[in-house]
Amino acid sequence: MTQTFLGMPHAPAGVGHLHGDRPFPAAARDALADTQLRRNLGHATATIRAKRAAVVGELEDWEDLRRAGEALKAYTMANLDELLLQLETAVTARGGIVHWARDATEANQIVVDLVRATGTDEVVKVKSMATAEIGLNEALADAGIAAVETDLAELIVQLGHDLPSHILVPAIHRNRAEIREIFLREMPDADPSLTDEPRQLAMAARAHLRAKFLSAKVAISGANFGIAETGTITVVESEGNGRMCLTLPDTLITVMGIEKVVPTWTDLEVFLQLLPRSSTGERMNPYTSTWSGVTPGDGPQTFHLVLVDNGRTAVLADPAGRSALHCIRCSACLNVCPVYERAGGHAYGSVYPGPIGAVLTPQLTGAATSLPYASSLCGACFDACPVRIDIPSMLVHLRSTQPHPVIERASFGAVAWTMGSARRFRFGEQLLRLGRLIARRGRIRRLPPPLSAWTDARDLPAPPAQTFRDWWAAR
Amino acid sequence: MRVALFVTCLADAMFPDVGRATVTVLERLGVEVAFPPGQTCCGQMHVNTGYQRQALALVRNHVEAFEPFDHVVAPSGSCVGSVRHQHAMVARNAGDAALAERAQAVAAKTYELSEFLVDVLKREDVGAAYPHRVTYHPTCHSLRMLRVDDKPLRLLRQVRGLDLVELPDAEQCCGFGGTFAVKNADTSTAMLADKMRNVLSTRAEAVCAGDSSCLMHIGGGLSRLRTGVRPVHLAEILASDS
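Computed from a prediction, not measured in an experiment: that's the story for all the values here.

### Digging into the domain arrangement of chain B
Residue and element names in this part refer to chain B.
Now for step 1: For chain B, the domain assignment lists domain 1 (2–120) and domain 2 (133–239).
Now for step 2: Summarising the inter-unit geometry, the C-alpha centres of domain 1 and domain 2 are found 22 Å apart.
Now for step 3: Taken residue by residue, the interface counts 25 residues in domain 1 and 22 residues in domain 2.
Now for step 4: No other element matches the six residues that helix H2 (residues 16–28) contributes to the side of domain 1 that touches domain 2.
Now for step 5: Looking at the side of domain 1 that touches domain 2 residue by residue, the classes come out as 12 nonpolar, 10 polar and three charged.

Okay, here's the thing in structure tokens:
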């Protein structure tokens, strides 16, 4: 039998939260009109930007750290096959059970089966990008299992029947009054006299979650790092709710993207400096939990590690795109992105928003998308990235792999042909001068589509009477 | 010193004053300026919109036009960024290793105007006078691709009579981004609105930058709203002596 190799499989369509159903420009248009969202985003991103800049500025070796992080990630991706097997061996040797999932569908099935086997119908969850990517909560719900998000912002998103809009601050689009309403509506045990004072809101969530922590038999987490050498999984967080999930229940199931593997324990030193400073703008995050397999009599007595591909190997196959897998999900690129700051996370239609989402989502899904164009290529993301992912160059690369509209392609072909020789270019410049006919007082105020997209908000100067090259020739 | 002027397609066709001003500044400093007539466009718009294959002819044309010169100077951070960071890549991706090498050689001797004045000619005072209140917008590609740093500001600080006022959130993109301004016009306009708000808050008469493209965008918004603030290219200020 002969087989044609069609490339590595991408993340399946229709499962999880990678595929948005609206093009970015249309989704962004709605978000731009939401004045509350604009204000929240502007305030939050400016605050985190300033905090990050302050703590990054403290380190003289920041650029060296970035280069170390980049080199470690490049090494990891080049040796991913061996490191993953090493991780499996180490986790197994310490009493954990490793599962391999080709895609979101397989990963969800594995987790559903594991939870069912425990006989419980409610699990607590640590905030996790990977489980949001594969749509695990929906898969659990379909199986009659309730998943309770325990990260405060994730809880707000979940209770609001909403989607996260930021990697680090998933409820960035909500204000205090909205959160109060959500709590009163969705938390049966909430005190009706609850105000929108932040401490009161936090205490209400705390009371709600404590009951869940104490009753849960199963917890589900993601992973920031998985150390191949020792089989140690690491989760970093701010609230301590993650620590509750990771230590109280009998069974812990960790869902980890295969790119999260780190070669050695020592390498963690680099990433634990890069991540909190880039992410929350802190020198160190409040809670760093690490565990290796199972410790008898202490913490969960059953530990499952589910390793998920879901398109990652396909990304790895592209030399110009694979460094998107280096991402440590810090969200620094979101906070410095002028497009994200205004359009917000939902416009990207994916669990991964912002600049990193614009390069990761198209590669994981392999789908045609407007996301690579959702950037002015200003380069702020590359400068902020703690592992030096050259996002602007990758966006340019991905644009060249996207199908182009027929008329646009013809126009760009014609312009390239015209500009291919100075003689033709000069002729083109003469044609451009006809624009003087539609100018009033030296300004063009209206052009036909698609250029009306420019003149809707901006004037265009009239072409000059004499081009530079004609002036030079007559000089 | 014989220097080739890479005027850029946009300045050639739309902003010839910027090209003339660049010639004025360079000649005032004793530079012999040549204008290679074969030049057209660096092809950045094609590369950045996803038409790398179509840009190949433009890269070849650019290399052939500028190869014979010792130095190439352009009044644009963005176009120099493309020459430096994209030309060899476009040739390599098309399988033309020889062209990639030639493009790399041209890139190595190509300078944005402020780089050429400060780094090559070692001049910060170019003998200019411009008695106006001006704020400076550092364009993204000059800042983050070329790392021109404060070179344009050092040049502006030496201009007689110029009242330089700091632009709040100066390093944020104005929202131009080439075809981004049309493909994502709403987001681009939202970015432009904030840039204009910051420009207006300085009470400057003119907003200065080193790229005609970004100035066309910021100036287009300022003009539409009848703000009375004009865009002015760095070269135009440096060429001015009254």
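### So, the pairing of strand E1 (residues 2–5) of chain B
Residue and element names in this part refer to chain B.
Now for step 1: Across three bridges, E1 lies against strand E2 (residues 32–34) in parallel orientation. Within E2, the position partnered with Arg2 by the bridge is Glu32.
Now for step 2: Alignment of E1 against strand E3 (residues 71–74), held across three bridges, turns out to be parallel. Paired with Ala4 across the bridge in E3 is Val72.

### A closer look at the pairing of strand E7 (residues 206–209) of chain B
All names here are of chain B.
Now for step 1: Covered by surrounding structure in E7 are Ala206 and Cys208 together with Val207 and Ala209, the residues of both alternating faces.
Now for step 2: Bridge count for strand E5 (residues 133–136) against E7 is three bridges, and the pairing is parallel. Each bridged residue has a counterpart across the sheet, and for Val134 the counterpart in E7 is Ala206.
Now for step 3: Strand direction decides the pairing type here: E7 and strand E8 (residues 230–233), joined by four bridges, are parallel. Across the sheet, residue Ala209 finds its bridge partner in E8, namely His233.
Now for step 4: Crossover connection from E7 via helix H13 (residues 212–224) to parallel E8: handedness right-handed.

### Examining the sheet that holds strand E4 (residues 110–112) of chain B
All names here are of chain B.
Now for step 1: Read across the open sheet, the four strands follow the order E2-E1-E3-E4; overall the sheet is parallel. Of all strands in the sheet, those with a lone pairing partner are E2 and E4, marking the two edges. Within this sheet the neighbouring strands show an average axis-to-axis angle of 35 degrees, counted without direction.

### Some thoughts on the interface of chain A and chain B
Now for step 1: Contact residues are listed per partner, giving 51 residues for chain A and 52 residues for chain B.
Now for step 2: At five residues, the largest contribution of residues to the side of chain A that touches chain B is made by helix H1 (residues 24–32) of chain A.

### Regarding the domain arrangement of chain A
Where interface size is given, it is often the accessible area lost as the parts come together that is meant.
Now for step 1: On domain assignment, one finds that chain A holds domain 1 (51–310), domain 2 (313–399) and domain 3 (420–474).
Now for step 2: Using C-alpha coordinates to define each centre, domain 1 of chain A is positioned 55 Å away from domain 3 of chain A.

### What to know about the packing of helix H19 (residues 406–419) of chain A against helix H4 (residues 52–66) of chain B
Two packed helices can be described by the angle between their axes and the distance between those axes.
Now for step 1: For the pair H19 of chain A and H4 of chain B, interaxial distance at closest approach is 9 Å and the crossing angle is 10 degrees. Taken together, the axes of H19 of chain A and H4 of chain B lie roughly parallel to each other. Between H19 of chain A and H4 of chain B, the residues in contact are Phe412, Gly413, Ala416 and Met419 of chain A and Gln54, Ala55, Ala57 and Leu58 of chain B, respectively.
Now for step 2: Residue classes in the contact of H19 of chain A with H4 of chain B are distributed as six nonpolar, two polar and no charged.

### Overview of the environment of Ile391 of chain A
Residue and element names in this part refer to chain A.
Now for step 1: Within the fold, Ile391 resides in helix H18 (residues 391–399).
Now for step 2: Ile391 gets classed as buried once you count the C-beta atoms within 10 Å, which come to 27.
Now for step 3: Taking the C-alpha atoms as reference points, Ile391 and Ala358, 33 residues apart in sequence, are found 8.8 Å from one another.
Now for step 4: Ile391 has contacts with Cys333, Pro355, Ile356, Val359, Cys381, Phe382 and Cys385, leaving out every residue within four places of it along the chain.

Cut-offs and rules
- Residues numbered from 1 in each chain as written.
- Chains lettered and ligands numbered in written order.
- Predicted model: local features only at pLDDT ≥ 70, side-chain atom pairs only at ≥ 80, totals over all residues.
- Domains from an automatic or database assignment.
- Contact = placed C-beta atoms within 7 Å.
- Helix = DSSP H or I, 4+ residues; strand = E, 2+ residues; numbered from the N terminus.
- Nonpolar A, V, L, I, M, F, W, Y, C, P; charged D, E, K, R; others polar.
- Pairing = 2+ DSSP bridges.
- Buried ≥ 20, exposed ≤ 12 C-beta atoms within 10 Å, placed from the backbone.
- Right-handed = clockwise from strand over helix to strand, strands pointing away.
- Axes fitted to C-alpha atoms, helices over the stretch in contact; angles between N-to-C directions.
- Parallel < 35°, antiparallel > 145°, perpendicular 65-115°, else oblique.

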